[in-house]
Amino acid sequence: MAPGPGSGMAPADERPHRPGPEPEWEESWHFDFVAHDGSLGGFVRLVLRPGEGTAWYWAYLAGPRRAVVVVRDHELEPPPGRTLELRGPGLWAQLICESPLDHWSAGLEASGVALEDPAEGLRGERGHPIPLGLDLEWEAAGAPALEGSGYSQPATAHGEVLL
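Below is a short write-up of the structure. (Residues numbered from 1 in each chain as written. Predicted model: local features only at pLDDT ≥ 70, side-chain atom pairs only at ≥ 80, totals over all residues. Heavy atoms only, no water.)

**Focus on the pairing of strand E3 (residues 54–62)**
Stated formally: Following DSSP output, two strands are said to pair if at least two bridges run between them. Under the scheme used here, helices are H or I runs from DSSP no shorter than 4 residues and strands are E runs no shorter than 2 residues, and both carry numbers assigned from the N terminus.
Here strand E2 (residues 41–49) runs beside E3; their pairing, made up of nine bridges, is antiparallel. Residue pairing for E3: glycine 42 is matched across the bridge by leucine 61. Counted between consecutive antiparallel strands, the loop separating E2 from E3 contains four residues, among which glycine 53 sits at a positive phi close to 70 degrees. Examined bridge by bridge, E3 and strand E4 (residues 68–76) share six bridges and lie antiparallel to one another. The partner of tyrosine 57 across the bridge, within E4, is aspartate 73.

**A word on the pairing of strand E8 (residues 128–140)**
Direction of pairing for strand E7 (residues 103–115) relative to E8: antiparallel, over a ladder of twelve bridges. Note on E8: the bridge partner recorded for alanine 106 is leucine 136.

**Considerations on the packing of aromatic side chains**
To keep things clear, this is the line we draw: Pairing of aromatic side chains here covers Phe, Tyr and the six-membered ring of Trp, requires ring centres within 6.5 Å, and sorts the geometry by plane angle: under 30 degrees stacked, over 60 edge-to-face, intermediate tilted. Only protein chains enter the area calculation, which uses a 1.4 Å probe; residues under 20% of their type maximum are buried, those over 50% are exposed, and those in between are partly exposed. Placement of a charge over a ring requires the Lys NZ or Arg CZ to be within 6 Å of the ring centre, with the centre-to-atom vector within 35 degrees of the ring normal.
All chains considered together, the criterion is met by five aromatic pairs. Taken together, a centroid distance of 5.2 Å and an interplanar angle of 50 degrees make the contact between phenylalanine 31 and tryptophan 104 tilted. Of this pair, phenylalanine 31 sits in strand E1 (residues 27–34) while tryptophan 104 is found in strand E7, placing the two residues 73 residues apart along the sequence. For the pair formed by phenylalanine 31 and tryptophan 104, the shared burial category is buried. Aromatic side chains phenylalanine 43 and tyrosine 60 sit 5.1 Å apart centroid to centroid with 10 degrees between the ring planes, which places their arrangement in the stacked category. With phenylalanine 43 in strand E2 and tyrosine 60 in strand E3, this pair connects stretches of sequence that are 17 residues apart. Three or more aromatic residues link up through ring pairs in this structure, and these residues are Phe31, Phe33, Trp104 and Trp138. Just above the ring of tryptophan 58 sits the side chain of arginine 45; from NZ or CZ to the centre is 5.2 Å.

**Quick look at the pattern of salt bridges**
Oppositely charged side chains may form a pair once their charged atoms are brought near each other. Heads up, the condition is: Salt bridge, as used here, is a side-chain nitrogen of Lys or Arg placed within 4 Å of a carboxyl oxygen of Asp or Glu.
Following the criterion strictly, the structure yields seven salt bridges and no others. Note that glutamate 85 is salt-bridged to arginine 87, the shortest N-O span being 2.9 Å. Glutamate 85 gets classed as partly exposed once you look at its relative accessible area, which sits at 24%. Look at arginine 87 and you get exposed, because its relative accessible area is 59%. One network of salt bridges, with partners in common, ties together Asp117, Glu120, Arg123 and Arg126.

Dropping the structure here:
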């Protein structure tokens, strides 16, 4: 789907950008999903922080009558080149722009933590170890809209969540 007239969006906006001069400069990608019946929802987020020489990765799952599952690492090496693939202890993750402003996919194989009490996420994320895999895709369901220094875009998500 091409960006709408006057949207200010271009296909190159989907790719990593050259860092700005500010030490705190960062760039992020964030993807939400929810099952049609509300039984499961979650998100994945990747943040590149070149001034610190790090990348952050988060994946969260939640739903009624289930433990919150968390994968969070703030000490990953940034991906090489212009790819969005991360590797770290107990984690492989990748975001792929299949078609700019139209189709993204996300893969994850990681060791996560199941939190019986969601508030534990504020106290150190101690819980039961659990493997988590994601093979998800988002396909545009509308035009992108500028928001602050980024944008959002409605999408239909589908794929597999493996616990």
